[in-house]
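Listed here are the chains, written in short residue letters.
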Amino acid sequence: MECYVCNNDLTKENETEEHIILNAIGGKLKSKKLVCKDCNSKFGFEIDNILAEQLNPIANLLDVKRDRGQPRSIKGTYQNKEILIEPGGKMKLARPYFDLDKNHFKIQTSSTKQARQVLNGLKRKYKQIDIEENLNNAKRNKSYLPSVTININFGGENTSRALCKMAVNYFIFNGGNRNEIKHLLPFINGEKAEEEVEVYYFYPKSEVFNKGDNDIYHSLISLVNPNIIFFMFLLNFLTNLKWLFF
Ligand SMILES: [Zn+2]
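Below, the structure is looked at part by part. (Residues numbered from 1 in each chain as written. Predicted model: local features only at pLDDT ≥ 70, side-chain atom pairs only at ≥ 80, totals over all residues. Heavy atoms only, no water.)

Observations concerning helix α1 (residues 37-61)
This is how it is decided: Put simply, DSSP marks the helices as runs of H or I at least four residues long and the strands as runs of E at least two long, and each gets a number from the N terminus on. The length a helix should cover is 1.5 Å for every residue beyond the first. Note on bend: the value at a residue is the angle between axes fitted to the seven residues ending there and to the seven starting there.
In this model α1 runs just 31 Å from its N-terminal to its C-terminal C-alpha over 25 residues, more than 12% under the 36 Å that 1.5 Å per residue would give. Bending of α1 peaks at approximately 55° at the position of L55, with proline P57 no more than four residues after it. The first or second residue beyond α1 is D63, which carries a positive phi of 50°.

A short note on the side chain of R161
Quick reminder of the rule: Burial classification: accessible surface area is computed with a 1.4 Å probe over protein chains only, and a residue below 20% of its type maximum counts as buried, one above 50% as exposed, and the rest as partly exposed. Here a polar contact is recorded for every N or O atom pair within 3.5 Å, except that within protein the pair must consist of a potential hydrogen donor and a potential acceptor, and residues adjacent in sequence are included only if both atoms are side-chain atoms. Whether two residues are in contact is decided by their heavy atoms, any of which lying within 4.5 Å being enough.
In this fold, R161 is placed in helix α4 (residues 157-173). Among the residues examined, R161 registers a relative accessible area of 6% and is labelled buried. A polar contact is formed between the side chain of R161 and the side chain of E46, at a distance of 2.7 Å. Ignoring any residue separated from it by four or fewer positions in sequence, one finds R161 in contact with F43, E46, I47, F187, I188, N189 and G190.

What about the coordination of the zinc ion?
Inclusion rule: Any N, O or S atom lying within 2.8 Å of the metal counts as a donor, with the limit raised to 3.2 Å for Na, K and Ca; because water is left out of the atom set, some sites can appear incomplete. The rule is simple: four donors are tetrahedral if all their angles sit between 85 and 135 degrees, four are square planar and six octahedral if opposite donors span more than 155 degrees and the others lie between 65 and 115, and anything that fits none of that is irregular.
Taken together, the protein donors to the zinc ion comprise C3 (SG), C6 (SG), C36 (SG) and C39 (SG), at separations of 2.3 to 2.4 Å. Taken together, the four donor atoms coordinating the zinc ion span angles of 103 to 118° at the metal, a pattern that classifies the geometry as tetrahedral. Residue C6 is classed as partly exposed on the basis of its relative accessible area, which comes to 31%.

Observations regarding unusual backbone geometry
Backbone geometry at Q79 places phi at a positive 45°, although glycine is not the residue there. The residue Q79 is located in the loop between β3 (74-78) and β4 (81-85) in this model. Within the chain, N80 stands out as a residue other than glycine whose phi angle is a positive 65°. Along the chain, the position of N80 falls in the loop between β3 and β4.

With respect to the packing of aromatic side chains
Think of a pair of aromatic rings as described by two things: how far the centres are apart, and how the planes are tilted against each other in angle. Spelled out, the test is: Ring geometry is summarised as follows: Phe, Tyr and Trp rings, the Trp one being its six-membered ring, pair when their centres sit within 6.5 Å, and such pairs are stacked at plane angles under 30 degrees, edge-to-face over 60 and tilted between the two.
Throughout the structure, instances matching the rule amount to two aromatic pairs. With centroids separated by 6.1 Å and ring planes inclined at 75°, the aromatic side chains of F98 and F105 adopt a geometry described as edge-to-face. F105 gets classed as partly exposed once you look at its relative accessible area, which sits at 27%. Each ring, one from F105 and one from Y126, has its centre 5.3 Å from the other, and the planes form 65°; the classification is edge-to-face.

Quick notes on the pairing of β4
When a strand is regular, its side chains alternate between the sheet's two faces. For clarity, the threshold we go by: One requirement defines pairing of two strands: DSSP has to find at least two bridges between them.
With five bridges connecting them, β3 and β4 associate as antiparallel partners. The residue bridging T77 from the neighbouring strand is E82, located in β4. Linkage of β3 to β4, two consecutive antiparallel strands, is achieved through a turn of two residues, within which Q79 is found at a positive phi near 45°. Relative to strand β5 (residues 91-93), β4 is paired through three bridges, and the arrangement is antiparallel. Paired with I83 across the bridge in β5 is L93. In this antiparallel pair of consecutive strands, β4 and β5, the connection spans five residues, and G88 shows a positive phi of 100°.

See the structure below:
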């Protein structure tokens, strides 16, 4: 067995588990027969991290399970306030907000603990503040927010390289011939541009638009003809939440 990228023999010393689809977006399938440790860490740093970062908001909202850790919390805005969305969709104010209205402070925080910290800070300047009284009289409010705006950036060359690597991983994992993908390696390695190696995104209409309401899938399909690999990368996660990239 050789690393399909650098052709070094895969040994006990340099073996590593490569996730076929990024673990950060929920990929579970992995193999020790694809790449060596050096190539795995190089790509992890150069391209996989970038794709994972771009897809983090979606991984967060869907609370994607990973081998280690959780998707990071993401920031959104609601009525000019920063909202922090925790994995799985739980929202809270990203930081305390306060306005001075005549002689009154109006403070909004996401927890009593945070309110106490703010009041402690204010008490240094305004000695008359009774922290306990204020906390006892605080209005506690739990509600559904109508809509929070979040930003998602997607795309770019490194992202395409990471997606191409997934397609190649999957192809080789399923017994594909390494010679048929070797023209893609300079692209995955960052030595040639996408158009030079003829990488195309391929999404047949029937797969993208006509999935049944109860279909949950997470699939990557590679079709090979003698010179060109087309690949399709589709993530349709949930019944009513259909996310499509590209
Ligand atoms: Zn290697």
